[in-house]
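# Reading the structure
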Amino acid sequence: MPSATPELISPRSPRVSAARRLAKRNFRGKERLFLAEGPQAVREAAGHGLTELFATVEVAERYADIIGEARAVGARVHLASEDVIADISTTVTPQGLVGICRFLDTPFEEILAARPKLVAVLANVRDPGNAGTVLRCADAAGAEAVVLTDASVDLYNPKAVRASVGSLFHLPVAVGVPVEEAVEGLRRAGVRILAADGAGTDDLDDELDQGTMGGPTAWVFGNEAWGLPEETRALADAVVRVPIHGKAESLNLATAAAVCLYASARAQRARGGCRSVTENQ
């Protein structure tokens, strides 16, 4: 059972100061460490690079299993006051658990070598909440990788980490890849490139009806406000729009991504769809 007295009670503690700095991108990049907050994220992180954990006494007692998992993987566990947790946390209402994790992005070459069947490429996605949510959607749809281009938001932005709800720890993510390099590499790996755009010339329903989506596919998703630039659209094998059957003006990025990724997942799992890239060569 944890002690009833927190060992860290001052936000000025060197350990607390070091953790607090990770809210800033330059410090994250320098240390190659990031923050994961809340029981879901910390539980997932315990098997994927968790190095340190701060918890209030009450939360440590409530989630004794997570504390045990953290200690089992060698993470340092600190019982901290609520003021300390609030100082480290990047949320308005802290959940009492803040972990420090090692960076876990995957080299793009490793993703290509694994011959993925379904990939989400985030090109110029600047909103961290959207990036994290698309990552979560990709994970739920069974995608095997996510690629963030060099013009996209930092994968380890605290809001992106929270929005992924633990999915950040589930699948390979490459970061900082120029969009042209991402498309070229995936195409060489036998993956068809589809650009998602509300003004696309091809309709998602038609793609499904024509049976063209059963093979390995990478979806390229653009900026929340202005979509994909023409030069990025030109890189794709097809520019696909999600049909709007009602009166809505459009879909937001994360919703459109979920629709597209699940459409591909369904087509790939249908009779005649791909189980692996090598089976389709």
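About the thresholds
- Each chain has its residues counted from 1, following the order in which its sequence is written.
- Since the coordinates come from a predicted model, pLDDT governs what is reported: local features require at least 70, and pairs of side-chain atoms require 80 or more to be given and counted, while whole-chain, interface and lining totals use all residues.
- Note that water and hydrogens are dropped before the side-chain values are worked out from all heavy atoms of the structure.
- Runs of H or I in DSSP of at least four residues are treated as helices and runs of E of at least two as strands, each being numbered from the N terminus.
- When we talk radius of gyration, it's over C-alpha atoms, and the globule rule is simply 2.2 Å times the number of residues to the 0.38.
- Three exposure classes are used, based on accessible area relative to the maximum for each residue type with a 1.4 Å probe and protein chains only: buried under 20%, partly exposed in between, and exposed over 50%.
- Should any heavy atoms of two residues lie within 4.5 Å, those residues are counted as being in contact.
- Shrake-Rupley sampling with a 1.4 Å probe provides the accessible areas, and residues are treated as covered by the protein chains on show and by no other component.
- The positive count covers Lys and Arg only, the negative count covers Asp and Glu only, and His and the chain ends enter neither.
- A single reference atom marks each charge: NZ on Lys, CZ on Arg, CG on Asp, CD on Glu.
- Helix axes are fitted to C-alpha atoms over the stretch in contact, other axes to C-alpha atoms as well, and angles between N-to-C directions run from 0 to 180 degrees.
- Convention used here: angles under 35 degrees read as roughly parallel, angles over 145 as roughly antiparallel, angles from 65 to 115 as roughly perpendicular, and any remaining angle as oblique.
- Here a crossing is called left-handed whenever its near helix is offset anticlockwise from the far helix by less than a right angle, and right-handed whenever the offset is clockwise.
- For this scheme, ten residues count as nonpolar: Ala, Val, Leu, Ile, Met, Phe, Trp, Tyr, Cys and Pro. Four count as charged, namely Asp, Glu, Lys and Arg, and the remainder, Gly too, count as polar.
- Only when DSSP finds a minimum of two bridges between them are two strands counted as paired.
- To define a nonpolar core, start from buried Ala, Val, Leu, Ile, Met, Phe, Trp, Tyr and Cys residues and group those joined through side-chain atoms within 4.5 Å.
- Think of the arc as the fan of directions from the helix axis to the C-beta atoms.
- The predictor reports its confidence for every residue as pLDDT, a score running from 0 up to 100.

### Topic: the overall build of the protein chain
Check the secondary structure of the protein chain and you find 13 helices and 11 strands. Taken over C-alpha atoms, the radius of gyration comes to 21 Å for the protein chain, in line with the 19 Å a tight globule of 281 residues would show. The proportion of buried residues among the 281 residues of the protein chain is 52%. A separation of at least 24 residues holds for 83% of the contacts in the protein chain among residues at least 6 apart in sequence. In the form shown here, the protein chain has an accessible surface area of approximately 13000 Å², with 49% of it arising from carbon and sulfur atoms. Across the protein chain, the centroid of the 30 positively charged side chains sits 4 Å from that of the 36 negatively charged ones.

### Quick notes on the environment of aspartate 197
Mapped onto the elements, aspartate 197 comes out in the loop between β8 (192-196) and β9 (202-203). On the basis of relative accessibility, which here comes to 13%, the residue aspartate 197 falls in the buried class. Between the C-alpha atom of aspartate 197 and that of glutamate 180, which follows or precedes it by 17 residues, the distance is 17 Å.

### Focus: the packing of helix α8 (residues 128-140) against helix α13 (residues 253-269)
Interhelical geometry of α8 versus α13 gives an angle of 15 degrees and a closest axis separation of 9 Å. Relative to α13, the element α8 is oriented roughly parallel. Note that α8 runs across α13; the crossing there is right-handed. Contacts from Asn130, Thr133, Val134, Cys137, Ala138 and Ala140 of α8 reach α13 at Leu253, Ala254, Ala257, Ala258, Leu261 and Tyr262. Across the contact of α8 with α13, the residue classes break down as 10 nonpolar, two polar and no charged.

### Quick notes on the environment of arginine 266
Assignment of secondary structure puts arginine 266 in helix α13. C-alpha of arginine 266 to C-alpha of glutamate 109: the two residues are 157 residues apart in sequence and 27 Å apart in space.

### Notes on the sheet that holds strand β3 (residues 76-79)
Spatially, the four strands line up as an open sheet ordered β1-β4-β2-β3, and their pairing is mixed. Each edge of the open sheet carries a strand with a single partner, namely β1 (33-37) and β3. In this sheet, adjacent strand axes meet at a mean angle of 20 degrees when their direction is disregarded. Two elements, strand β2 (residues 50-55) and β3, share four bridges in a ladder whose sense is parallel. For phenylalanine 54, the partnering residue across the bridge sits in β3 and is histidine 78. Strands β1, β2, β3 and β4 (97-102) of the sheet are contacted by helix α1 (residues 14-21), whose axis makes an angle of about 110 degrees with β2.

### Here's the deal with the nonpolar core
Of all hydrophobic cores here, the largest spans 60 residues; its most connected members are Val146, Trp219, Phe221 and Leu261. Per-element accounting of this core gives the leading share, nine residues, to α13. Contacts of valine 146, omitting those with residues within four sequence positions, involve Ile111, Ala120, Leu122, Leu135, Ala138, Leu171, Pro172, Val173 and Ala174.

### Brief notes about α1
Of all the residues in α1, the buried ones are Val16, Ser17 and Ala19. Projection of α1 onto a plane perpendicular to its axis shows the buried side chains occupying an angular sector of 165 degrees, all on one side. Residues of α1 that are buried sit in contact with β1, β2, α6 (82-88) and β4.

### A short note on unusual backbone geometry
The phi torsion of most residues other than glycine is negative, and most of the peptide bonds are trans. Of note in the backbone geometry, arginine 32 takes a positive phi value of approximately 55 degrees without being a glycine. By the secondary structure assignment, arginine 32 is in the loop between α2 (25-31) and β1. A relative accessible area of 42% places arginine 32 in the partly exposed class. With phi around 55 degrees, arginine 115 is a residue other than glycine that occupies positive phi space. On the accessibility criterion, arginine 115 (28% relative accessible area) is partly exposed.

### Quick notes on the confidence of the model for the protein chain
Predicted coordinates in areas of low pLDDT are best not read in detail. When pLDDT is averaged across the protein chain, the result is 92; 94% of the residues are at 70 or more. A low-confidence stretch, residues 275-281 (pLDDT under 50), is modelled with 11 contacts involving residues beyond four sequence positions or located in other chains.

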